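Fold and contact review
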Amino acid sequence: MKGVMSNPVSVGVPSPQSGSTTQRNVKSSIRDLNFFYGDAQALKHIDMEIYEHAVTALIGPSGCGKSTLLRCFNRMHDLTPHTRYEGEIRLFPDDVNIVSPEVDPIEVRMRISMVFQKPNPFPKSIYENVAYGLRVRGVRNKTELDGRVEAALRGAALWEEVKDRLGEPGTALSGGQQQRLCIARALATDPEIVLFDEPTSALDPIATASIEDLIISMAGSVTVLIVTHNMQQAARVSTYTAFMYLGELIEYGPTNEMFTRPREQRTSDYLTGRFG
Amino acid sequence: MASLSPPLAIDASHATVADIRANVAQRRRWDLVFAVLGLLATSIGVVTLLALFIDLVMDGYQRLTPDFFLSFPSRRASEAGILSAWVGTCLVMLVTAVVGVPLAVSAGLYLEEYAPRNWLTTVIEINVSNLAAVPSIVYGLLALGLFVYALGFGQSILSAGLTLALMIMPIIVVATREAVRAVPHTIREAAYAVGATRWQVTRDHVLPYSIPGIATGVIIGLARAIGETAPLITIGALTFIAYLPNPPLTTTPPFVNFDWLWSGFTVLPIQMFNWVSRPGTAFHANAAAAGIVIVVLTLLMNGFAIFLRYRLRKRINW
Amino acid sequence: MAVARQTLIRRGVRHRDVMERTVESVLFACAASAVAVTTAIVVVLLVESAGFFSHVSIVDFLTDTMWTPLFAEARYGILPLLCGTVLAAAVALTVAVPVGVMVAVYLSEFAPVKVRETVKPLLEMLEGVPTVVYGYFALLFVTPLLQNIIPDLPGFNVLSPGIVIGIMIVPYVGSVSEDAMRAVPQALREASYACGATRLQTTLRVVMPAATSGIAAAFVLGIARATGETMVVAIAAGQQPNLTFDPTQPAATITAYIVQVALGDLPHGSIGYQSIFAAGLVLLLITLLFNILAHVLRMRFREAY
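Residues numbered from 1 in each chain as written. Chains lettered and ligands numbered in written order. Predicted model: local features only at pLDDT ≥ 70, side-chain atom pairs only at ≥ 80, totals over all residues. Heavy atoms only, no water.

The next thing to look at is the overall build of chain A. Across its full length, chain A carries ten helices and eleven strands. The globule rule puts the C-alpha radius of gyration for 276 residues at 19 Å, and the 18 Å found for chain A is close to it. In terms of its C-alpha atoms, chain A occupies a principal-axis envelope of roughly 55 × 40 × 40 Å. Split into buried and exposed, the 276 residues of chain A put 58% on the buried side. Within chain A, contacts between residues separated by at least 24 positions form 64% of all contacts whose residues are at least 6 apart in sequence. With an accessible surface of roughly 11000 Å², chain A has 50% of that area assigned to carbon and sulfur atoms. For chain A, the separation between the mean place of its 29 positive charges and that of its 33 negative charges on side chains is 3 Å. (Helix = DSSP H or I, 4+ residues; strand = E, 2+ residues; numbered from the N terminus. Rg over C-alpha atoms; globule rule 2.2 N^0.38 Å. Buried < 20%, exposed > 50% of the residue type's maximum accessible area, 1.4 Å probe, protein only. Contact = heavy atoms within 4.5 Å. Areas by Shrake-Rupley, 256 points an atom, 1.4 Å probe, with all protein chains shown as cover. Lys, Arg positive; Asp, Glu negative; His and termini not counted. Charge placed at Lys NZ, Arg CZ, Asp CG, Glu CD.)

With that out of the way, let us pick up the nonpolar core. In summary, soluble globular proteins display a tendency toward joint burial of nonpolar side chains. Counting residues in each nonpolar core, the largest one holds 246 residues, and the members touching the most others are Leu69 of chain A together with Ile41 of chain C. Looking at this core, the element that brings in the most residues is helix α3 (residues 79-110) of chain C, giving 18 residues. Listed in part, the 46 residues of the second largest apolar core include Val55, Val115, Val139 and Leu158 of chain A. (Core = buried A, V, L, I, M, F, W, Y, C linked by side-chain atoms within 4.5 Å.)

Once that is clear, we can look at the confidence of the model for chain C. When pLDDT is low, close inspection of the predicted coordinates is not appropriate. All names here are of chain C. Summing up the model confidence of chain C, the mean pLDDT is 86 and the portion of residues at 70 or higher is 94%. Averaged over each element, pLDDT in chain C is lowest for helix α7 (residues 186-194) (79) and highest for helix α5 (residues 131-149) (92). We note a pTM of 0.82 for the whole complex and an ipTM of 0.88 for its interfaces. (pLDDT = per-residue confidence, 0-100.)

Together, Trp30, Leu32, Val33, Val36, Leu37 and Leu40 of chain B give the surface a local cluster of nonpolar side chains, amounting to about 530 Å² of exposed area. Turning to its location among the elements, Leu40 of chain B is positioned in helix α1 (residues 17-60). (Patch = residues over 30% accessible without salt bridge, like charges linked within 9 Å, V, L, I, M, F, W, Y side chains within 5 Å. Salt bridge = Lys/Arg side-chain N within 4 Å of Asp/Glu carboxyl O.)

Counting residues at the interface gives 17 residues for chain B, matched by 21 residues for chain A. Summed over the three residues of chain B that lose the most area to chain A, namely Glu189, Ala193 and Val194 of chain B, the buried surface amounts to 32% of that side. Summed over the shared surface of chain B and chain A, the number is one salt bridge. A salt bridge links Glu189 of chain B to Arg71 of chain A, with the shortest nitrogen-to-oxygen separation between them at 2.9 Å. Inspection of the chain B/chain A interface yields seven residue pairs in polar contact (both at pLDDT 80 or more). Counting only elements with at least two residues in the side of chain B that touches chain A, the list comes to α7 (185-193) and α8 (198-227) of chain B. The element that contributes the greatest number of residues to the side of chain B that touches chain A is α7 of chain B, accounting for seven residues. Taken together, the residues of the side of chain B that touches chain A break down into ten nonpolar, five polar and two charged. (Buried area = accessible area lost by both parts, 1.4 Å probe. Polar contact = N/O pair within 3.5 Å; in protein donor to acceptor, adjacent residues only side chain to side chain. Nonpolar A, V, L, I, M, F, W, Y, C, P; charged D, E, K, R; others polar.)

With that settled, consider the interface of chain B and chain C. Facing the 81 residues of chain B at the interface are 73 residues of chain C. Here chain B and chain C share an interface that buries about 7000 Å² over both sides, 78% of which is from carbon and sulfur atoms. When residues of chain B are sorted by the area they lose upon contact with chain C, Phe34, Thr42 and Leu141 of chain B head the list and together hold 9% of the total. The interface formed by chain B and chain C holds one salt bridge in total. Arg309 of chain B is paired through a salt bridge with Glu124 of chain C; the nearest N and O atoms lie 2.4 Å apart. Where chain B meets chain C, there are eight residue pairs in polar contact (both at pLDDT 80 or more). In terms of residue count, the dominant contributor to the side of chain B that touches chain C is α1 of chain B (21 residues).

Looking now at the pairing of strand β7 (residues 112-115) of chain A. All names here are of chain A. Neither face of β7 is open: one carries Ile112 and Met114, the other Ser113 and Val115, and all of them are buried. Pairing geometry for β7 and strand β8 (residues 193-197), over four bridges, is parallel. Residue pairing in the sheet places Ile112 in a bridge with Ile193 of β8. (Pairing = 2+ DSSP bridges.)

With that settled, the discussion passes to the sheet that holds β7 of chain A. In any sheet, the strands associate via hydrogen bonds between backbone groups, in a parallel or an antiparallel arrangement. All names here are of chain A. Read across the open sheet, the six strands follow the order β7-β8-β9-β4-β10-β11; overall the sheet is mixed. One side of each edge strand has no neighbouring strand; the edge strands of this open sheet are β7 and β11 (248-254). Taking each pair of neighbouring strands and ignoring which way they run, the sheet shows an average axis angle of 20 degrees. Pairing analysis gives five bridges linking β8 to strand β9 (residues 223-227), with the strands arranged parallel. Within the sheet, the bridge partner assigned to Phe196 lies in β9 and is Ile226. (Axes fitted to C-alpha atoms, helices over the stretch in contact; angles between N-to-C directions.)

Next comes the structure, spelled out in structure tokens:
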């Protein structure tokens, strides 16, 4: 539905699930991206393509820059003083460089939403939590809001649990439910990409499993970028995996290939637990 | 301090269990003595508060009749009342709240949510903390020179309200900043991440969640303003006011008028000061009665603010 | 279709920009008003004082031992007022510092949590009592009480308001000192306890030395508070400029003098009117000085941890 016809870049890559080759569109293309906190360079010459309607995992030891890279996608770094982007993250179909200073970060965030490490629902009702993104962009029609809130909650597999208590505070839910509420909030605005920053690190194994199922099912309709410190999680949910180390992209490719036959020594060391 | 050192010298190599126990018991005794002293010192404040209140009540309770609230000041102590004083206090507080609260809350929001880290922000921050330290009577001098004469507001309710608004501004700014800072960063990120603008984040999240904290500061600030005397005396507030300003609400359109802003006035603490500083004891009962009213008012406000803060600390669980 | 949606988004964003800038400017103006107020204070005090000093030489102002601006033969020596101010502050600090530090030690190191949670709000309430009420209390309760002990104590004296101001600032001195002691890292206390020290020994030998500059800051801030206090002295100390260091005598402070003049009806622009601005300028400089000193002390304390 979203801009398939206008995308100029298409590449054939093997799909890890089916083993067959499927045609995938490039949703976003990172070109020679550098990122600085003050004088410290956190990302070095990143080049990679993000494929549409797939889950791409970013892995690597802590401090490798995976979260930094993720946060470039919705310009979260703009909230921190003395940060600087160099290079490009081009977003298709309209081929706009989303890290360019000329592009309004709010415009970027309206297209690319995010789910954070710790569930961070607003201390508002469940309904208002989900509706917030729509309200800030001026949706006032009650019927439309109701419909999209329900759709988002269904999309986050939370609807059945909360449909009778939409007026209760979001903070009263359990940890796993809170995180699914945050996912619903991210889905409600019909984003092109959803970013996940270690979304299960604060959750128990059962809640983690339900979030992972959700991420896999989302990939049919939205592009997902997920940072995880858990390699098994990357293997379970992602189609593509990027391994980063010290601010550089070391290796990037289909997940099953990387986990079975890593090309780089450092990737293999990390995957076998020699560091990280 | 010498006496506090262990009285039993223990030779470590030959200390018996009995020696050690004796030594510990001796030192523990000092702990107890000190704890009792500390409790005494702490209770001085509480005892003073009680003594002060009992003293006021003993001196003034028989003057606390309905007539006392409904009479103007008078030459005869038994006929004098605080009508013009409490009306004046209400009107001055109205100006103070309407001007001071939005000004201070906006300043606090700016400093916490908007201000870039640069020299200008530093200058503003230094100014706010300096203003908090300026003695209240200096605000009175400022008002005398600026509001009363330079701007020509005269010795009016407007001048008084503005003076107190400036005086309590630092209190509310500090409370606002603390309340705003307590809103976790993850909440702001969540709102930004769905495309909210800075003002939307501030208006929809930061401000609503910090309202209880801000309210605490506002109430404490207003309580301070209600009890404040010195700056209002300095601007030359008259102490004998036997009339009421025109009421702010009227029965004829446009239903509001602002004449009262320019009216002369007195307030409760000034009325009390007037009575207490008269020679002879006839008016002292009046002063005590006015004192009861002021103390009850300010203690209720402070108590409410403190209650609000303690409840707040327990309630919010991010 | 997707491109059309993105164009819509962009137009909405641009529309909101105006709102954003307006709000930010308004908020900035409110914050900047703090600078305006400070400037206004300094300008008003300086302008009116300049008028005063065109009549009175600064040397006379600082060295003359008489302050009689309301007499026919006016003399303008600030020393008697300074003396009254220092005396009142000294009495206040004699009460407030030992008691305040004791309170801080007790609340920070000794008191059970329950006691602390109950006592702290009560102390805050004490801070909330209006100063005019404390003035009444000093004149009509504490002075008669003291007269039982010192039979020939005059009805107006510095001792009684000094003591009352002292008690009044105990919560303030106490809470600033307590903050300083609480900021001492727990590891230091644990190290002391691990050596077998008692609570008191830990407090006196480890916590208090570590918090010295923070406690000193509390002391200095207490001075600034006591110096600026007006109503208690104006009511109970007698408003008589008096070059004395005997706290049982009546005296006027800088603040009490300002009140005294304001209560009269000196014409705007007269030298008597201007004199209260000169007095206010001296007061502002004193409080500013002590606040800067306190700031330096606290900075040093913060650097240590």
